[in-house]
Amino acid sequence: RRRAGDPGPVITAAPLIDELMSRFDEVERHELLVPAAPAAVYAALRRVDLLGSRVILGLLWLRGLRPRRPLTLERMLDRGFILLGERPGRELALGTVGRFWTPTGGRLSLDAEGFRAFGEPGYAKAVWDFRLADEAGGTRLSTETRIACTDAASRRRFRLYWLLVRPFSGLIRIALLRAIAREATR
């Protein structure tokens, strides 16, 4: 029996990334406790310039990308990433489809529905999310990237590529979380 004023059990929805890609071949996860309120962290996520991090800028240059300033989340959406879902203030998920193991990345231009339906052999699909959780001392900011390949041949190619880039992918994500934290605590 519930007492007066007790809202009962808190029911939380599964993370968007679970709905978008429950089965995957590879995964990368990172998190950071940010000493700021969730609203400040979410606003920072939406506006932070990723090129403010020398680590991110340097690794993008090594990949052959010469991005112009600023490189925000909105600009990423204009450059091939797809907004797959958002729970404002708490979570958002981006996606992309490509042949990431090739020099150009072979990204396809799709919308959210096209992303969900895509299954053509020879590609990999990636979902990248950000989640915020209110916690004592601030906000737990996490990011997860999941990759699902569309066939065995692309899985083999991607795994060779991932052996080389995974450490750098992790550095980019850690640098990004730190940049968001700096922006949120200004």
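This text goes with the structure placed above it.
Residues numbered from 1 in each chain as written. Predicted model: local features only at pLDDT ≥ 70, side-chain atom pairs only at ≥ 80, totals over all residues. Heavy atoms only, no water.

Visitor: Please provide a residue-by-residue account of the side chain of aspartate 129, values included.
Guide: In this fold, aspartate 129 is placed in strand β4 (residues 124–135). Residue classification places aspartate 129 among the buried positions, given a relative accessible area of 0%. Side chain to side chain, aspartate 129 and arginine 131 meet in a polar contact 2.7 Å long. Once residues lying within four places of it in the same chain are set aside, the contact partners of aspartate 129 are Ile17, Glu91, Leu92, Ala93, Ser142, Thr143 and Glu144. (Helix = DSSP H or I, 4+ residues; strand = E, 2+ residues; numbered from the N terminus. Buried < 20%, exposed > 50% of the residue type's maximum accessible area, 1.4 Å probe, protein only. Polar contact = N/O pair within 3.5 Å; in protein donor to acceptor, adjacent residues only side chain to side chain. Contact = heavy atoms within 4.5 Å.)

Visitor: Explain the pattern of salt bridges residue by residue, including any values.
Guide: According to the stated counting rule, one finds 16 salt bridges in the structure shown. For the salt bridge of arginine 46 with glutamate 86, the shortest nitrogen-to-oxygen distance reads 2.6 Å. With arginine 46 in helix α2 (residues 38–47) and glutamate 86 in strand β2 (residues 82–87), the pair connects residues that are 40 residues apart, well separated along the chain. What makes arginine 46 partly exposed here is its relative accessible area of 24%. Given the relative accessible area of 30%, glutamate 86 is considered partly exposed. Note that arginine 131 is salt-bridged to aspartate 129, the shortest N-O span being 2.7 Å. (Salt bridge = Lys/Arg side-chain N within 4 Å of Asp/Glu carboxyl O.)

Visitor: Please provide a residue-by-residue account of empty space enclosed by the protein, values included.
Guide: All told, the structure shown has 1 cavity of 30 Å³ or more when counted by the stated rule. Around the largest cavity, the lining residues are Leu45, Leu50, Leu73, Met76, Trp128, Phe130 and Leu176. Mapped onto the lining of the largest cavity, the elements with two or more residues apiece are α4 (73–78) and β4. (1 Å grid on protein atoms, 1.4 Å probe; cavity = no way out; pocket = protein on both sides within 12 Å on 5 of 7 lines; lining within 4 Å. Points joined across faces, edges and corners; volume = space filled by probe spheres on them.)

Visitor: How would you summarise the packing of α2 against helix α6 (residues 152–184) if you had to cite specific residues and measurements?
Guide: Packed helix pairs are specified by the crossing angle of their axes together with the interaxial distance, meaning the distance between the axes. Direction vectors running N to C along α2 and α6 enclose 120 degrees, while the axes themselves pass 8 Å from each other. As the angle between them shows, α2 and α6 are arranged oblique. Here α2 runs over α6; the crossing is right-handed. For the pair α2 and α6, contact is made by Ala40, Val41, Ala44, Leu45 and Arg47 and by Ile180, Glu183 and Ala184, respectively. Residue composition of the contact of α2 with α6, grouped by class: 6 nonpolar, no polar and 2 charged. (Axes fitted to C-alpha atoms, helices over the stretch in contact; angles between N-to-C directions. Parallel < 35°, antiparallel > 145°, perpendicular 65-115°, else oblique. Left-handed = near helix turned anticlockwise from the far one by under 90°. Nonpolar A, V, L, I, M, F, W, Y, C, P; charged D, E, K, R; others polar.)

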